Amino acid sequence: NSKVIQTPRYLVKGQGQKAKMRCIPEKGHPVVFWYQQNKNNEFKFLINFQNQEVLQQIDMTEKRFSAECPSNSPCSLEIQSSEAGDSALYLCASSYQNTLYFGAGTRLSVL
Amino acid sequence: GDSVTQTEGLVTLTEGLPVMLNCTYQTIYSNAFLFWYVHYLNESPWLLLRSSTDNKRTEHQGFHATLHKSSSSFHLQKSSAQLSDSALYYCALINNYAQGLTFGLGTRVSVFP
């Protein structure tokens, strides 16, 4: 069973609202990832962190999302102004020895 | 960049029959890790198999796959499908843990009695 904890499991927001989700990675895993799984079940990489620093992020994340992974606190991903197209499952994963371990995700619905 | 191709979007079969899901990949790196993840609805995607060793069979929970670098393939097989195998299956590769996984589009497997 995965030890990556994501909250909340479900999130409902109106367009233009902020949407924030959190992730507690597995202890000892150095890298944390966020992926978006769309309605076609495709995975899109959003951003990753190592030791609180951003390693990589896509353009969309840089422009519209706010993300952080502070020490001794959950990682977070926040959409600053939700759009209908942001409705998806957001998956957090932590990485150890080249293997990613996923949480159960936050399912965001933007009305 | 890296890419992973899963040719089947949907596989439907009867319980007890064999199942094979195709996965081919492209990468310029010779030391890539290949994975199969399983995703059940409302659960975490979880690791089914992984390999980085050429021509070595990897097995777990009745499934097996062999990484063939010569053909850039990592096909998933099971000799006898069970109802509980109904799920989404993703093939993925990683070259550098910092860059994360490159996923295929996934194959939905539906097993019927």
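Here's a quick rundown of the structure. Just so we're clear, the structure is a prediction, and the values are computed from it rather than from any experiment. (Residues numbered from 1 in each chain as written. Chains lettered and ligands numbered in written order. Predicted model: local features only at pLDDT ≥ 70, side-chain atom pairs only at ≥ 80, totals over all residues. Heavy atoms only, no water.)

1. Description of the side chain of histidine 39 of chain B
Logical step 1: Positionally, histidine 39 of chain B belongs in strand 5 (residues 33-39).
Logical step 2: In this structure the side chain of histidine 39 of chain B is engaged in a polar contact, spanning 3.3 Å, whose partner is the side chain of glutamine 37 of chain A.
Logical step 3: Each residue touching histidine 39 of chain B, except ones within four places of it in the same chain, is listed here: Gln37 and Leu89 of chain A together with Ser44, Pro45, Ala87, Leu88 and Tyr90 of chain B. (Helix = DSSP H or I, 4+ residues; strand = E, 2+ residues; numbered from the N terminus. Polar contact = N/O pair within 3.5 Å; in protein donor to acceptor, adjacent residues only side chain to side chain. Contact = heavy atoms within 4.5 Å.)

2. Describing the state of the cysteines
Residue and element names in this part refer to chain A.
Logical step 1: Per the counting criterion, the structure on display carries three disulfides over all chains.
Logical step 2: Two residues share a disulfide in this structure: cysteine 23 and cysteine 92, whose sulfurs sit 1.9 Å from each other. Between cysteine 23 and cysteine 92 the sulfur-sulfur dihedral comes to about -65°; the bridge is accordingly left-handed. Of the two residues, cysteine 23 is situated in strand 3 (residues 19-24) and cysteine 92 in strand 9 (residues 88-96); the sequence distance between them amounts to 69 residues. As far as the burial class goes, cysteine 23 and cysteine 92 line up, both buried.
Logical step 3: Two residues, cysteine 69 and cysteine 75, share a disulfide whose sulfurs are 1.8 Å apart. Its torsion about the S-S bond being 40°, the disulfide of cysteine 69 and cysteine 75 is classed as right-handed. (Disulfide = S-S within 2.5 Å. Buried < 20%, exposed > 50% of the residue type's maximum accessible area, 1.4 Å probe, protein only.)

3. Some words on the packing of aromatic side chains
Logical step 1: What the rule picks out here adds up to 17 aromatic pairs over all chains.
Logical step 2: Between phenylalanine 102 of chain A and tyrosine 37 of chain B, the aromatic rings sit 5.5 Å apart at their centres with planes inclined by 90°, giving edge-to-face as the arrangement. Here the residue phenylalanine 102 of chain A occupies a position in strand 10 (residues 99-102), and tyrosine 37 of chain B occupies one in strand 5, the pair thus bridging two chains.
Logical step 3: By relative accessible area, which is 1% here, phenylalanine 102 of chain A ends up buried.
Logical step 4: Consider the rings of tyrosine 37 of chain B and phenylalanine 103 of chain B, whose centres lie 6.3 Å apart with planes at 55°: the pair is tilted. Pair noted here: tyrosine 37 of chain B is in strand 5 and phenylalanine 103 of chain B is in strand 11 (residues 102-103), with a separation of 66 residues, a long-range link.
Logical step 5: The buried category is assigned to phenylalanine 103 of chain B, whose relative accessible area is 12%.
Logical step 6: In textbook terms, an aromatic cluster arises when at least three aromatic residues are bridged by ring pairs, as seen for Phe33, Tyr35, Phe43, Phe45 and Phe102 of chain A together with Phe33, Phe35, Tyr37, Tyr90 and Phe103 of chain B. (Phe/Tyr/Trp six-rings, centres within 6.5 Å; stacked < 30°, edge-to-face > 60°.)

4. A word on the pairing of strand 2 (residues 10-14) of chain B
All names here are of chain B.
Logical step 1: Here strand 2 shows a clear split, with Val11 and Leu13 buried on one side and none of Leu10, Thr12 and Thr14 buried on the other.
Logical step 2: Sheet topology note: the strand 2/strand 12 (residues 107-112) ladder contains five bridges and is parallel. When the sheet's bridge partners are listed, threonine 12 is paired in strand 12 with serine 110. (Pairing = 2+ DSSP bridges.)

5. Some words on unusual backbone geometry
Logical step 1: Residue proline 8 of chain A follows threonine 7 of chain A across a cis peptide bond; omega there is -10°.
Logical step 2: Of note, proline 8 of chain A is situated in the loop between strand 1 (5-7) and strand 2 (10-13).
Logical step 3: Not every positive phi belongs to a glycine, and glutamine 97 of chain A is a case in point at roughly 50°.
Logical step 4: Relative to the helices and strands, glutamine 97 of chain A is located in the loop between strand 9 and strand 10.
Logical step 5: For glutamine 97 of chain A, a relative accessible area of 51% puts it in the exposed group.
Logical step 6: Phi at glutamine 61 of chain B is positive, roughly 55°, even though this residue is not glycine.

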